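Structural description and commentary
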Amino acid sequence: MSARDRILAKLRGARPAEPLAHPDPAPHYAARARNESKAERLARFRTGIEGFHAEVHISTDADWPALLARLCVAKGVGTLLFGAQTPAGRRLEPATFVGTTLRPWAGQVEDLKADLFHKVDAGFTQTRGAIAETGSLILWSSADEPRTLSLVPPIHFALLDAASIHPSFYDAMVSENWAGGLPTNALLISGPSKTADIQQTLAYGAHGPKELIVLVINAEGDLQ
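So, here is what we can say about the structure in this document. Note that the coordinates shown come from a computational prediction; the quantities given were computed from them, not determined experimentally. (Residues numbered from 1 in each chain as written. Predicted model: local features only at pLDDT ≥ 70, side-chain atom pairs only at ≥ 80, totals over all residues. Heavy atoms only, no water.)

Focus on the pattern of salt bridges
Here the idea is simple: oppositely charged side chains can pair when their charged atoms come close. Within the structure shown, the criterion is met by 10 salt bridges. Close ionic contact of Lys75 with Glu55 constitutes a salt bridge, the shortest N to O distance being 2.5 Å. Linking Lys75 in helix H4 (residues 64-75) with Glu55 in strand E1 (residues 55-58), this pair joins segments that are 20 residues apart in sequence. Residue classification places Lys75 among the partly exposed residues on the basis of a relative accessible area of 26%. Residue Glu55 is classed as partly exposed on the basis of its relative accessible area, which comes to 26%. Three or more residues joined by partner-sharing salt bridges are found here, namely Glu55, Lys75 and Glu211. (Salt bridge = Lys/Arg side-chain N within 4 Å of Asp/Glu carboxyl O. Helix = DSSP H or I, 4+ residues; strand = E, 2+ residues; numbered from the N terminus. Buried < 20%, exposed > 50% of the residue type's maximum accessible area, 1.4 Å probe, protein only.)

Here's what the structure looks like:
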């Protein structure tokens, strides 16, 4: 018998007769439930993500496109790349963005690579939700809104519905039935890109967006 066969035989012999039962995490998270209001979840999320150098701006569903246009002016954004076929993308009007060119995502990454790294100043995406516990945004990429929009341009603008902020990552997975199907890429973003060297010196914007700017909508009426 070869060494390989002996190793495999030992592994098969050590295999339990019945599959091991997976622990149920529900009781653990139920005991930690805070029963927060939407305003409290938003406050906890905001504290977390701002602690990682992100900006948060509160707006309304009606006003956020104008706010985005003003922020583009303030940040000196010459070109904003976005998913034109998404619900949020359809609301961006070129006439509102004085001094900023709206560029719809079109084509393959390979065709856009040079412009992505050298000509596009900012990317704009929707978000699926957020996590209050860690101050993280949840993004599910798609053909209309690929992950490149949030990972390459120097500035990332993200639109967040306050009603979709979950207390924890577990709550997000359960309430949205992530077990039923996931996209090719699910992103959790907690601030601009960052890295650290061997001396533990933290640097922001080293290999991705230098700024993360979150526009929160549907928070009105529940912030008292």
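Brief notes about the packing of aromatic side chains
Going through the model one piece at a time under the given rule, you end up with 4 aromatic pairs. Look at Tyr29 and Tyr170: their rings are 4.4 Å apart centre to centre, the planes differ by 5 degrees, and that puts the pair in the stacked class. Linking Tyr29 in helix H2 (residues 26-31) with Tyr170 in helix H7 (residues 169-175), this pair joins segments that are 141 residues apart in sequence. Classification of Tyr29 by relative accessible area gives partly exposed; the value is 25%. Classification of Tyr170 as buried rests on a relative accessible area of 17%. With a centroid separation of 5.3 Å and an interplanar angle of 70 degrees, the aromatic rings of Trp140 and Trp178 are classed as edge-to-face. Of this pair, Trp140 sits in strand E6 (residues 136-140) while Trp178 sits in the loop between H7 and strand E9 (186-189), and the two are 38 residues apart along the sequence. Three or more aromatic residues joined by ring pairs make a cluster, and in this case those are Trp140, Phe169 and Trp178. Against the face of Trp140 rests Arg128, its NZ or CZ located 3.7 Å from the ring centre. (Phe/Tyr/Trp six-rings, centres within 6.5 Å; stacked < 30°, edge-to-face > 60°. Lys NZ or Arg CZ within 6 Å of the ring centre and 35° of its normal.)

A word on the environment of Pro154
One can find Pro154 in the loop between helix H6 (148-151) and strand E7 (155-161). Along the primary structure Pro154 and Leu116 are separated by 38 residues, whereas in three dimensions their C-alpha atoms are 9.6 Å apart. Setting aside residues up to four positions removed in sequence, Pro154 forms contacts with Val120, Asp121, Pro209, Lys210 and Glu211. (Contact = heavy atoms within 4.5 Å.)

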